[in-house]
Amino acid sequence: MERRTVVAVDIGATHYRAGLVADDGSIVRLETGDTPRVGESGLVVTRAVADAVEAVTGDASPSAIGIASAGPLDCAAGVIVRSPNMAFPEVPLRGPLEGRFGLPVFLLNDCRAGALGERWQGAGRGVENLVYVTLSTGVGGGAVVNGRLLLGRSGNAGEVGHLFVDTAYGCVCGCGHPGHWEAYASGTGMPRFFSAWLEGQGSAPSFDAATSAGILGAAERGETLALSFMDALGRINARALSDIVVAYEPEVVVLDGPLAQHHGDLLIRHMLPHVDRYLPLPRLAVSPLGGRAPLLGAAAYALGIW
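How each quantity is defined
Residues numbered from 1 in each chain as written. Predicted model: local features only at pLDDT ≥ 70, side-chain atom pairs only at ≥ 80, totals over all residues. Heavy atoms only, no water. Helix = DSSP H or I, 4+ residues; strand = E, 2+ residues; numbered from the N terminus. Rg over C-alpha atoms; globule rule 2.2 N^0.38 Å. Buried < 20%, exposed > 50% of the residue type's maximum accessible area, 1.4 Å probe, protein only. Contact = heavy atoms within 4.5 Å. Areas by Shrake-Rupley, 256 points an atom, 1.4 Å probe, with all protein chains shown as cover. Lys, Arg positive; Asp, Glu negative; His and termini not counted. Charge placed at Lys NZ, Arg CZ, Asp CG, Glu CD. Pairing = 2+ DSSP bridges. Axes fitted to C-alpha atoms, helices over the stretch in contact; angles between N-to-C directions. Salt bridge = Lys/Arg side-chain N within 4 Å of Asp/Glu carboxyl O. Parallel < 35°, antiparallel > 145°, perpendicular 65-115°, else oblique. Nonpolar A, V, L, I, M, F, W, Y, C, P; charged D, E, K, R; others polar. Phe/Tyr/Trp six-rings, centres within 6.5 Å; stacked < 30°, edge-to-face > 60°. Expected span 1.5 Å × (residues − 1).

Asker: What's the story with the overall build of the protein in this structure? I'm lost.
Answerer: Broken down by element type, the protein carries nine helices and 13 strands. Against the compact-globule benchmark of 19 Å for 306 residues, the protein has a radius of gyration of 19 Å, which places it among compact chains. Once the C-alpha set of the protein is aligned to its principal axes, its extents read approximately 60 × 45 × 35 Å. Every one of the 306 residues in the protein was classed for burial, and the buried ones make up 57%. Considering only residue pairs separated by 6 or more positions, the protein has 64% of its internal contacts joining residues 24 or more positions apart. For the protein, the exposed area adds up to about 12,800 Å²; of that, 51% sits on carbon and sulfur atoms. Of the side-chain charges in the protein, 22 are positive and 30 negative, and the distance between the mean point of each set is 2 Å.

Encoded structure:
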């Protein structure tokens with residue numbers, strides 16, 4: 001039997017990628033680029049995505065286009081709306097892409113797609129209940145509950161980055177509200193959290209504290225101040241994980257995104273001692289898919305594997 005293919009697209013705040021993906025999970029072709037941040041409207045993003053779709057399609061005959069994107073989304077309209085991590089208030093996707101390619105377009109939040117990708121090809125194979133968490137520019141999540149992808153009213157269920165985790169430091173999330181997990185554990189939020197935490201320490205860092213990579217790298221090297229901060233960050237992460245466990249009761253929580261891919265063991269080690277044990281602790285895993293879970297999830301969604 002000839003294998004089916006779809007085009008899958010993963011649109012993030014910083015980068016996008018498009019792939020021709022077969023129904024066995026193999027990525028036949030891949031195109032990547034920087035997500036446009038300047039232009040007359042969100043249509044500059046739409047056009048960049050459309051060009052990438054055309055490039056990976058080549059002479060193939062895909063049956064559909066699946067798109068995983070940073071949210072919030074209006075899945076009914078096929079539009080990215082008011083995303084705090086995107087440069088434009090609206091990015092239309094379904095209408096322009098269906099018009100250009102004559103294929104059905106399926107739009108899904110990138111973290112819901114990540115959950116689906118992990119269940120199809122990653123750390124959640126054979127699992128009926130899992131939660132996917134990405135630690136990247138922001139913090140996002142998605143859940144599979146009793147074998148079904150959890151979407152919610154408009155496709156935005158599982159926004160764990162906006163779990164309320166702190167009242168002491170008042171770090172403000174990209175959405176404008178204080179105390180959200182994203183304001184502490186994301187790539188953009190962590191340096192601000194470190195700065196707020198440092199005010200009570202009476203010492204200055206000898207490492208680059210302006211980036212999350214600098215902070216986590218110092219902790220990996222065993223620098224005392226960075227390790228002390230990791231305890232504070234671990235408590236914040238544990239509050240969020242505790243909420244995830246009691247809300248979803250997953251068998252596995254999969255961590256993804258650049259911070260988890262490069263420092264997952266460090267983050268888990270400092271988080272675990274502080275997690276509530278009201279319900280049994282699920283298995284914690286760093287995604288084995290090298291950051292491609294959302295892309296594969298978008299493909300699975302377009303293939304109807306969900």
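Asker: Explain the sheet that holds strand β9 (residues 130-135) here, please?
Answerer: Pairing between the strands of a sheet comes from backbone hydrogen bonds, and it takes one of two forms, parallel or antiparallel. The sheet built from five strands is open, its strands ordered β11-β10-β9-β12-β13 with mixed pairing. Strands with a single pairing partner mark the edges of an open sheet, and in this sheet they are β11 (148-149) and β13 (283-286). Running at roughly 155 degrees to β9, helix α7 (residues 224-248) makes contact with β9, β10 (139-145), β12 (252-256) and β13 of the sheet.

Asker: For this particular structure, what's the right way to read the pattern of salt bridges?
Answerer: For side chains bearing opposite charge, pairing can occur when the charged atoms are close. Counted according to the given criterion, the structure contains eleven salt bridges. Residues joined in a network through salt bridges with shared partners are D51, E54 and R100.

Asker: I tried to follow the packing of helix α3 (residues 110-121) against helix α9 (residues 293-303) on my own but got confused; where do I start?
Answerer: Packed helix pairs are characterised by how far apart their axes lie and by the angle those axes make with each other. Running from N to C, α3 and α9 cross one another at 80 degrees; their axes reach a closest spacing of 6 Å. Between α3 and α9, the angle is such that the two are roughly perpendicular. Each of D110, A113, G114, L116, G117, E118, W120 and Q121 in α3 lies in contact with α9, whose residues at this interface are A293, P294, L296, G297, A298, A299, A300, Y301 and L303. Residues that form the contact of α3 with α9 fall into these classes: eleven nonpolar, four polar and two charged.

Asker: Please explain the packing of helix α5 (residues 189-198) against helix α6 (residues 212-220) as it appears in this structure.
Answerer: It is the contact of α5 with α6, at a shortest axis distance of 8 Å, that shows an interaxial angle of 65 degrees. Here M190, P191 and F194 of α5 come into contact with α6, specifically with S212, I215 and L216.

Asker: Would you mind going over the packing of aromatic side chains with me for this structure?
Answerer: Aromatic ring pairs are reported here in terms of the distance separating the ring centres and the angle at which the planes meet. Scanning the model with the defined rule gives eight aromatic pairs in all. A ring pair is formed by W197 and F229, whose centres lie 5.4 Å apart and whose planes are at 65 degrees; its orientation type is edge-to-face. Taken together, the residues span a long stretch of sequence, with W197 in helix α5 and F229 in helix α7 at a distance of 32 residues. F229 shares its class with W197; the two are buried. Each residue in the set Y169, Y184, F193, F194, W197, F207 and F229 is aromatic and connected to the rest through ring pairs, giving one cluster.

Asker: Please clarify how α7 should be interpreted in this entry.
Answerer: Since one α-helical turn is 3.6 residues long, residues separated by three or four positions face the same way. With 25 residues, α7 should reach 36 Å at 1.5 Å per residue; the first-to-last C-alpha distance of 36 Å fits that figure. Phi turns positive, to about 45 degrees, at E249, one or two residues after α7.

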